[in-house]
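The residues making up each chain are set out below.
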Amino acid sequence: MASTPPAVVVDGLRKSYGDVTAVEELSFEIHPGETFALLGPNGAGKSTTIEILEGYRRRTGGTVSVLGTDPGTGGLDWRARLGIVLQDLPEGGVFTVREQLTHTARYYPRPRSVDEVIAAVGLESKADTRIGRLSGGQRRRVDVALGVIGRPELLFLDEPTTGFDPQARREFWDLIRSLAGEGTTILLTTHYLDEAEQLADRVGVIIGGRLADIGGVEEIGGVTSRVPVVRWREDDGELRTRRTPTPAALVAELSTRLGGEPQELAVTRPTLEDVYLDLVAAATTEVVR
Amino acid sequence: MSALSHAPARIAYEVRGYVRQGDTMLFTFLFPVIFLVLFSSIFAGEADAGGTSIPMATYFLPGLVAAGVLLSGVQNLAIEIAMEKGDGRLKRLGGTPMSPVTYFLGKFGQVLVTAVAQVTLLLLVATLVFGVELPTDPARWLTFAWVFLLGLAACSLVGIALSAVPRSGRSASAVVIPVVTVLQFISGVYVADFQLPDGVRTVGALFPLAWMARGMRSVFLPDSFHVLERGGTWGLGQVALALVVWLVVGAVLSRLTFRWIRRDA
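Residues numbered from 1 in each chain as written. Chains lettered and ligands numbered in written order. Predicted model: local features only at pLDDT ≥ 70, side-chain atom pairs only at ≥ 80, totals over all residues.

A few words now on the sheet that holds strand β7 (residues 185-189) of chain A. Residue and element names in this part refer to chain A. On the basis of which strands lie adjacent, the open sheet formed by 6 strands has the order β5-β6-β7-β3-β8-β9 and mixed pairing. A strand with exactly one partner marks an edge of an open sheet, and here the two such strands are β5 (82-85) and β9 (210-216). For this sheet the average axis-to-axis angle between neighbouring strands, irrespective of direction, equals 15 degrees. Bridge analysis of strand β8 (residues 202-207) against β9 gives 6 bridges, and the strand direction is antiparallel. Across the sheet, residue Val205 finds its bridge partner in β9, namely Asp213. (Pairing = 2+ DSSP bridges. Helix = DSSP H or I, 4+ residues; strand = E, 2+ residues; numbered from the N terminus. Axes fitted to C-alpha atoms, helices over the stretch in contact; angles between N-to-C directions.)

Spelled out as structure tokens, the structure:
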């Protein structure tokens, strides 16, 4: 991995709108073939960052390289190597799924097969339906299909599953995993921490326009934030929780002390969501202080 | 080079999109035909000038040909592009390797194809239904060709510039249609030019529609009708000049207002 240059390099990125600073001193890299999730509360600067990388917004400061090119000056050949799925969903239009994909594919040098892409997003039965007549979830899949039709080296997904039902979300995850399996580098922003946990190799957390943490899905937040939590109900009826690196010992002790099976016993490891919420809470407290 | 090679497919795509828009077909494509049928049915009788009299359908035809050019260029492009901006389609195109040159060739090609189909239909209805006699002099058809093409080019560019005005795709029709409709009233399309008060005629002459209508009158009306024009002549030199000026104005305004990718400051 050391020999191949990163797919994305962000170094000291800054973006301000008038007096308001949206992104400040942001630095991270995305390796080729990696799925990287950018997390953060609303207004943290996720979309601003991704739109700068896509070449839709100018940056105020810092350097950015996407597939070796500055997005501020990238031409059509550079765009042909990207796939972009924007956050807002278009209304649809008068073309069928197949027509729109076939037309869009012609602008790319090595497009995927239209039928394969339609199958991959699960729209075989809607292939000849006008996009304007599809449901919101189906239109989002069309958007994803349009994002991958050009066989992109780097795929941007900005909150792609907002509004999906659980079933559709799981199918979408399978699609993204198969794209990642083919070597596509993916930058994902999402509000769903389980989604990031399922898909991402590494995550970066942006809070208030700054990078609060970055690392592997299993590492982020540090070792202490991953300490398991044991929950049980005491004899006096009180629900207790305790964090301990040795949960088995604690459960054994409880079992002895309470005699048999402790009521409502559960041993959980903090999810990415728990870790993330701790990070956000910590950052908010700092701001208040 | 590839921007040009994609143009035919893009034009076909744009024309298909145009035909599938029900309201575009009604308010842009069929509008002149509908008004020809209405006017020729309501205003019976004949118009005459210099001893020659013609059916009312013949009298209204040139104005409606010009109106079709205005609708196909200005109204069609201003509304369509404003809607493309409003609903994110333009932003999505900006994220693909499609060249903006291809995009504009697609738009101009669509305007040309649909405007030619529109004027063909209009002339067919005029001759077959209302017995309008079309000119046979090749010189008149040459005039028709340059007024039509020059007017269409100017109107397309003005349409692209006007697409910057609506604040959202939803408001595009509400902004564009009144402008275009008022223009038709003051440019001698609905109300015969010589019946308009002088002040209105002067205001109308500031815009391209009045000049296209004048050029088309020189094509479709008997030569004796030139006495009804301002100055008593067809004044084709002025027509050409006015349309070239609007072509330049449209090009400059489009260049200043249109952004392929709307990068913020």
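This part covers the interface of chain B and chain A. Counting from both sides, the interface comprises 19 residues of chain B and, opposite them, 20 residues of chain A. Counting residues per element, the ones that place at least two in the side of chain B that touches chain A are α2 (7-20) and α6 (89-94) of chain B. Sort the elements by how many residues they give to the side of chain B that touches chain A and α2(B) lands first, with 4 residues. Along the lines of polarity and charge, the residues of the side of chain B that touches chain A split into 5 nonpolar, 7 polar and 7 charged. (Contact = placed C-beta atoms within 7 Å. Nonpolar A, V, L, I, M, F, W, Y, C, P; charged D, E, K, R; others polar.)

A few words now on the pairing of strand β11 (residues 239-243) of chain A. Residues and elements named next belong to chain A. Two strands pair when backbone bridges link them, and strand β10 (residues 229-233) and β11 are joined in this way by 5 bridges, in the antiparallel orientation. Counted as the bridge partner of Trp232 is Arg240 from β11. The loop that links β10 with its antiparallel partner β11 comprises 5 residues; one of these, Gly237, has a positive phi angle of about 90 degrees.

Another point: the pairing of strand β2 (residues 52-55) of chain B. All names here are of chain B. In this structure, strand β1 (residues 46-49) lies alongside β2, joined through 4 bridges in antiparallel fashion. For Asp48, the partnering residue across the bridge sits in β2 and is Ser53. The hairpin turn running from β1 into β2, its antiparallel successor, is 2 residues long, and Gly50 in that turn takes a positive phi close to 60 degrees.

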